[in-house]
Amino acid sequence: MPPEPVVSLPTGRPGVPGAVRTDEIGRWIGSAPLRALVDRFGGRWPAGDLAAVLAELDAFSARHWDFRAGRERPDAREPAFDPGTARLVLDSAAALGLVRATPPALPRYAHLLVLGGLAHACLRRVGYAVHLLRTGPSVTGEVAVLGSFRPLSEPERRMLAEAGVACGDTEVDVLDAAVRLTLGLPAPDEEDGHDAGHPHHSWSSRTYRPAGLPPVRVLAAPSSEPDRRRAHTADTQRFWAEHVRLCAGDPVLMVTAPIYVPFQHCDALRTLAVPYGCGIDTVGVDPALPALARVPEPTLTPGRYLQEIRSAIRSMRALHAALPPG
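Residues numbered from 1 in each chain as written. Predicted model: local features only at pLDDT ≥ 70, side-chain atom pairs only at ≥ 80, totals over all residues. Heavy atoms only, no water.

Enquirer: Describe in detail the overall build of the protein chain, supporting the description with residues and values.
Expert: Within the protein chain, the regular secondary structure consists of ten helices and nine strands. For a compact globule of 326 residues, the expected C-alpha radius of gyration is about 20 Å, and the protein chain comes in at 19 Å, within 12% of that figure. Here the C-alpha coordinates of the protein chain stretch approximately 55 × 45 × 45 Å along the principal axes. For the protein chain, the proportion of its 326 residues judged to be buried stands at 53%. Restricting to contacts in the protein chain with at least 6 residues of sequence separation, those with at least 24 account for 71%. Put simply, the protein chain shows about 14700 Å² of open surface, and 53% of that area lies on carbon and sulfur atoms. (Helix = DSSP H or I, 4+ residues; strand = E, 2+ residues; numbered from the N terminus. Rg over C-alpha atoms; globule rule 2.2 N^0.38 Å. Buried < 20%, exposed > 50% of the residue type's maximum accessible area, 1.4 Å probe, protein only. Contact = heavy atoms within 4.5 Å. Areas by Shrake-Rupley, 256 points an atom, 1.4 Å probe, with all protein chains shown as cover.)

As structure tokens, this is what we get:
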């Protein structure tokens, strides 16, 4: 039996800054799979306009689907669900676009973005991006591998050692090592950056120029709120867009994991499509690719999927709030 169709995510209209349609946000938010989850967890569908619905769903998901409670994702608690609820969560996650990998939609992109994450994700995403470069759509600009100065945890260090990957102490070091390993290059062709004595204020850029492929830049940005936190994905996306001179109409392909596609896609619409008028196509790593088997994806549970459905709700709420009126 073929899988149920996936609810479409919002899109931007390339060449038109701010042109994300609110009805597309409303279609995903008001879809039957999300309504079924709210009902299963004892909620009543909120009344009011889209802003009110998003606010109520944000609050509802905080009460019922926030298993992190401010902790990093690997430290989130795993809830126990009855079999029927677990199956509904998994089916809803698939219908909402968090499970299956989809191929890029276009034959050509101006740029390709690879988002960082935990160490295993860095290796898998870089590997998949290079696979796309060699077999899929053409990229006329650059490949930007976006990370941060987040220190690696002990489990990440153990995983890297078991995989035989030697690198430094941070997420961006893993991304850089993944680029060198996947492309077979010993060192970057260009290096730039600023060491401010604190990672929240610092930035780094390492550019590789592999033969027959577009340039690959590994980038870590400074935080936009250095007194409060390290740089997050939106900081790095904005920093990259300013350096690459992103233009209206540029189609951008972004690679992450399937479970993060909805929320990171909407974040990219907010930080890139709305201000610059570029197009965003977000795809998840295809787990069936044999080259990625050496670094398996951790088991994704119903609790993990609910957490990222909450992330998508919050991302769509932030996107809706960032849209110009009218």
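Enquirer: Give me the lowdown on the environment of Ser148, citing residues and values where you can.
Expert: Along the polypeptide, Ser148 turns up in the loop between strand S4 (143-147) and helix H6 (154-163). Between the C-alpha atoms of Ser148 and Glu171, which are 23 residues apart in sequence, the distance is 5.8 Å. Setting aside residues no more than four positions away along its own chain, Ser148 makes contact with Thr170, Glu171, Val172, Ala220, Arg230 and Ala231. Engagement of the side chain of Ser148 in a polar contact is seen with the backbone nitrogen of Arg150, the distance being 3.2 Å. (Polar contact = N/O pair within 3.5 Å; in protein donor to acceptor, adjacent residues only side chain to side chain.)

Enquirer: Break down the nonpolar core for me, citing the residues and quoting the values.
Expert: In this structure, Trp28, Ile29, Leu34, Trp65, Trp240 and Ile309 are the most contacted members of the largest nonpolar core, which totals 57 residues. With eight residues, the top contributor of residues to this core is helix H9 (residues 261-276). In contact with Trp65, other than residues within four places in its own chain, are Leu34, Leu37, Val38, Phe41, Phe60, Leu306, Gln307, Ile309, Arg310 and Ile313. Counting residues in hydrophobic clusters, the runner-up holds 38 residues, among them Val114, Leu133, Val139 and Ala220. (Core = buried A, V, L, I, M, F, W, Y, C linked by side-chain atoms within 4.5 Å.)

Enquirer: So what about the packing of aromatic side chains? Which residues, and what values?
Expert: Summed over the entire model, instances satisfying the criterion amount to five aromatic pairs. Seen in terms of ring centroids, Phe41 and Trp65 are 5.8 Å apart; in terms of plane orientation they differ by 85°. Their pairing is edge-to-face. With a gap of 24 residues between them, Phe41 in the loop between helix H2 (32-40) and helix H3 (50-64) and Trp65 in the loop between H3 and helix H4 (83-95) connect regions that are remote in the sequence. Owing to a relative accessible area of 16%, Phe41 belongs among the buried residues under this scheme. Seen in terms of ring centroids, Phe60 and Trp65 are 5.5 Å apart; in terms of plane orientation they differ by 90°. Their pairing is edge-to-face. With a relative accessible area of 6%, Phe60 lands in the buried category. A relative accessible area of 0% means that Trp65 is categorised as buried. Grouping aromatic residues by their ring pairs yields a cluster made of Phe41, Phe60, Trp65 and Phe81. (Phe/Tyr/Trp six-rings, centres within 6.5 Å; stacked < 30°, edge-to-face > 60°.)

Enquirer: Go over the pairing of strand S6 (residues 203-208), please, and point to the residues and values.
Expert: Of all six residues in S6, six are buried, a share of seventy percent or more. Covered by surrounding structure in S6 are Trp203, Ser205 and Thr207 together with Ser204, Arg206 and Tyr208, the residues of both alternating faces. In terms of strand pairing, strand S5 (residues 190-194) meets S6 through five bridges, oriented antiparallel. Bridged to Glu190 within S6 is Thr207. Sheet analysis places S6 next to strand S7 (residues 216-220), joined by five bridges and oriented antiparallel. Along S7, the bridge assignment pairs Arg206 with Val218. (Pairing = 2+ DSSP bridges.)

Enquirer: Can you break down the side chain of Asp173 residue by residue, with the values?
Expert: Position of Asp173 relative to the elements: it lies in helix H7 (residues 171-183). At 3.0 Å, the side chain of Asp173 forms a polar contact with the backbone nitrogen of Asp169.

Enquirer: So what about the pattern of salt bridges? Which residues, and what values?
Expert: Going through the model one piece at a time under the given rule, you end up with 19 salt bridges. A salt bridge links Arg87 to Asp91; its shortest N-O distance comes to 3.2 Å. With a gap of four residues between them, Arg87 and Asp91 both fall in helix H4, about one helical turn apart. When its relative accessible area of 42% is taken as the criterion, Asp91 is described as partly exposed. With a shortest N-O distance of 3.3 Å, Glu171 and Arg150 are connected by a salt bridge. One end of the pair, Glu171, is in helix H7; the other, Arg150, is in the loop between S4 and H6, and 21 residues separate them in sequence. Residue Glu171 shares its accessibility class with Arg150, and that shared class is buried. A single network of salt bridges, built from pairs that share partners, joins Glu225, Arg228, Arg229, Asp235 and Arg238. (Salt bridge = Lys/Arg side-chain N within 4 Å of Asp/Glu carboxyl O.)

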